[in-house]
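Spelled out from the first residue to the last, the chains are:
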Amino acid sequence: MPTRLIPYVKVLVHLLCLAPFLVLLQRYRSGAFDLEADPVASITHFTGDWALWLLLVSLAVTPIRRLHPRLSNLIRFRRLLGLYAFFYASLHLATYIFLFSGYDIQHAFASLRHGHPSDLWAQWLTVWPSVLDDLKKRRFIQVGLLAWVILCALAVTSPNFLLRRMGGKNWQRLHRLVYVAAIAGCIHYWWLVKKGVQLPMPDTIALTVLLLARLGWIAWKRRRKPAPPSPVRFPIRAE
């Protein structure tokens, strides 16, 4: 990809990544969710699906760019895709906290309009015990929260100045946890759906292929790594 085209492609990537969010807003404003049996579950699955899909696409950037030198510029889109994955993961978490847990979001907005921001915290204290109880009892929430915490750490440390502050090796060690986040995301999906439902299977297969590609690349690099030169031995001559 020519370097001069990258700014235009980035704009396109932004639009494509924001499209699901705009669809979500449009469905909310049009009242489409009111016609569904469980609108909160619909929003939860929608945001969770896009978080996992974008995370897998971001992981696919590296193996794809290795296929040909002309694809090397794809690396410039990996961080962008990862940040959008975190964005949708945060919407997924917010849906649980502000819609599923019983948080009165309409009352919260009304409190802000009337100059009572303290009501936001008071409502959170009301729903926090049920949220904490869910976190203790439901393992799919635990592993999902683990995935979100990892993505949050990666998003916070994504700017270049933090990369320089942390050092390249430390930054790379931290950002390799993205694979742990993806695995946790797939496990979260499997534990969320009912037994026998195979909806998480395509995502799991895609992640397995990406992990195998990663392991294959590491093994190939190790085999190509030149062996250290053997020490030169000089014959010892008797005096």
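This text goes with the structure placed above it.
Fair warning: this is a prediction, and the values are worked out from it, not measured in the lab. (Residues numbered from 1 in each chain as written. Predicted model: local features only at pLDDT ≥ 70, side-chain atom pairs only at ≥ 80, totals over all residues. Heavy atoms only, no water.)

J.: Can you walk me through the overall build of the protein chain in this structure?
T.: The helix and strand tally for the protein chain stands at 10 helices and zero strands. Element order for the protein chain, N to C, with α for helix and β for strand: α-α-α-α-α-α-α-α-α-α. Over its C-alpha atoms the protein chain spans a radius of gyration of 24 Å, topping by over 25% the 18 Å that the globule rule assigns to 239 residues. Dimensions along the principal axes, computed over C-alpha positions, put the protein chain at roughly 100 × 45 × 45 Å. The 239 residues of the protein chain split such that 30% are buried. Counted over contacts in the protein chain with a minimum sequence separation of 6, partners at least 24 positions apart contribute 65%. Computing the positive centroid from 30 side-chain charges and the negative centroid from 10, the protein chain places the two 22 Å apart. (Helix = DSSP H or I, 4+ residues; strand = E, 2+ residues; numbered from the N terminus. Rg over C-alpha atoms; globule rule 2.2 N^0.38 Å. Buried < 20%, exposed > 50% of the residue type's maximum accessible area, 1.4 Å probe, protein only. Contact = heavy atoms within 4.5 Å. Lys, Arg positive; Asp, Glu negative; His and termini not counted. Charge placed at Lys NZ, Arg CZ, Asp CG, Glu CD.)

J.: Which parts of the structure should I look at to understand helix α1 (residues 6–30)?
T.: Spacing of three or four residues puts side chains on the same side of an α-helix, whose turn is 3.6 residues. The end-to-end C-alpha distance of α1 is 35 Å, a good match for the 36 Å that 25 residues give at a rise of 1.5 Å each. A19 marks where α1 bends most, by close to 35°; the proline P20 follows one to four residues later. Of all the residues in α1, the buried ones are I6, V13, C17, P20 and L24. Buried positions along α1 lie against α2 (39–65) and α3 (78–100). Positive backbone phi, at 80°, marks G31, one or two positions downstream of α1. (Expected span 1.5 Å × (residues − 1). Bend = angle between axes of the 7 residues up to and from the residue.)

J.: What exactly am I supposed to notice about a positive patch on the surface here?
T.: Taken together, the side chains of K10, R66, R76, R78, R79 and K221 present a region of like positive charge at the surface. Here R78 shows up in helix α3. For R78, a relative accessible area of 34% puts it in the partly exposed group. (Patch = residues over 30% accessible without salt bridge, like charges linked within 9 Å, V, L, I, M, F, W, Y side chains within 5 Å. Areas by Shrake-Rupley, 256 points an atom, 1.4 Å probe, with all protein chains shown as cover. Salt bridge = Lys/Arg side-chain N within 4 Å of Asp/Glu carboxyl O.)

J.: Teacher, can you tell me more about the side chain of S158 here?
T.: Considering the arrangement of structural elements, one finds S158 in the loop between α6 (139–156) and α7 (160–166). Reaching out from S158, the side chain makes a polar contact with the backbone oxygen of A155 at a distance of 2.8 Å. Contact partners of S158, with chain neighbours within four places excluded, come to R79, L83 and H175. (Polar contact = N/O pair within 3.5 Å; in protein donor to acceptor, adjacent residues only side chain to side chain.)

J.: Any chance you could explain the packing of aromatic side chains here in plain terms?
T.: Working definition: an aromatic ring pair is given by the centre-to-centre distance plus the angle between the planes. All chains considered together, the criterion is met by six aromatic pairs. Aromatic pair F21 and F87: ring centres 5.4 Å apart, planes at 75°, arrangement edge-to-face. Separated by 66 residues along the polypeptide, F21 in helix α1 and F87 in helix α3 bring together distant segments of the chain. Consider the rings of Y84 and F87, whose centres lie 6.5 Å apart with planes at 90°: the pair is edge-to-face. (Phe/Tyr/Trp six-rings, centres within 6.5 Å; stacked < 30°, edge-to-face > 60°.)

J.: Would you explain the environment of R214 in this entry?
T.: Position of R214 among the secondary structure elements: in helix α10 (residues 201–224). The spatial distance from the C-alpha of R214 to the C-alpha of A60 is 9.8 Å, given a sequence separation of 154 residues. Not counting residues up to four positions away in its chain, the partners in contact with R214 are R66, R176 and Y179.

J.: What's the story with the pattern of salt bridges in this structure? I'm lost.
T.: Enumeration over the complete set of coordinates arrives at two salt bridges. Note that K137 is salt-bridged to D133, the shortest N-O span being 3.2 Å. Of this pair, K137 and D133 are both found in helix α5 (residues 118–137), four residues apart, which corresponds to roughly one turn of the helix. Its relative accessible area of 58% is what places K137 among the exposed residues. With a relative accessible area of 35%, D133 lands in the partly exposed category.

J.: Looking at this structure, I do not really get empty space enclosed by the protein. What am I missing?
T.: To locate leftover empty space, one rolls a probe as large as a water molecule over the atoms. According to the stated counting rule, one finds one cavity of 30 Å³ or more in the structure shown. Here the largest cavity is characterised by a volume of approximately 40 Å³. The wall of the largest cavity is formed by L59, T62, P63, R66, Y179, L210, A213 and R214. Elements represented by at least two residues in the lining of the largest cavity include exactly α2 and α10. Of the residues belonging to the lining of the largest cavity, the class tally is five nonpolar, one polar and two charged. (1 Å grid on protein atoms, 1.4 Å probe; cavity = no way out; pocket = protein on both sides within 12 Å on 5 of 7 lines; lining within 4 Å. Points joined across faces, edges and corners; volume = space filled by probe spheres on them. Nonpolar A, V, L, I, M, F, W, Y, C, P; charged D, E, K, R; others polar.)

J.: Sorry if this is basic, but what is going on with the nonpolar core here?
T.: Soluble globular proteins tend to pack their nonpolar side chains together in the buried interior. Ranked by size, the top nonpolar core spans 32 residues in total, and within it L54 and L59 carry the most contacts. Elements with a contribution of two residues or more to this core: α1, α2, α3, α6, α9 (178–192) and α10. Take this core: its biggest share by element is eight residues, from α2. If we ignore the near neighbours within four places in the chain, the residues touching L59 are V178, Y179, A182, L207 and L210. (Core = buried A, V, L, I, M, F, W, Y, C linked by side-chain atoms within 4.5 Å.)

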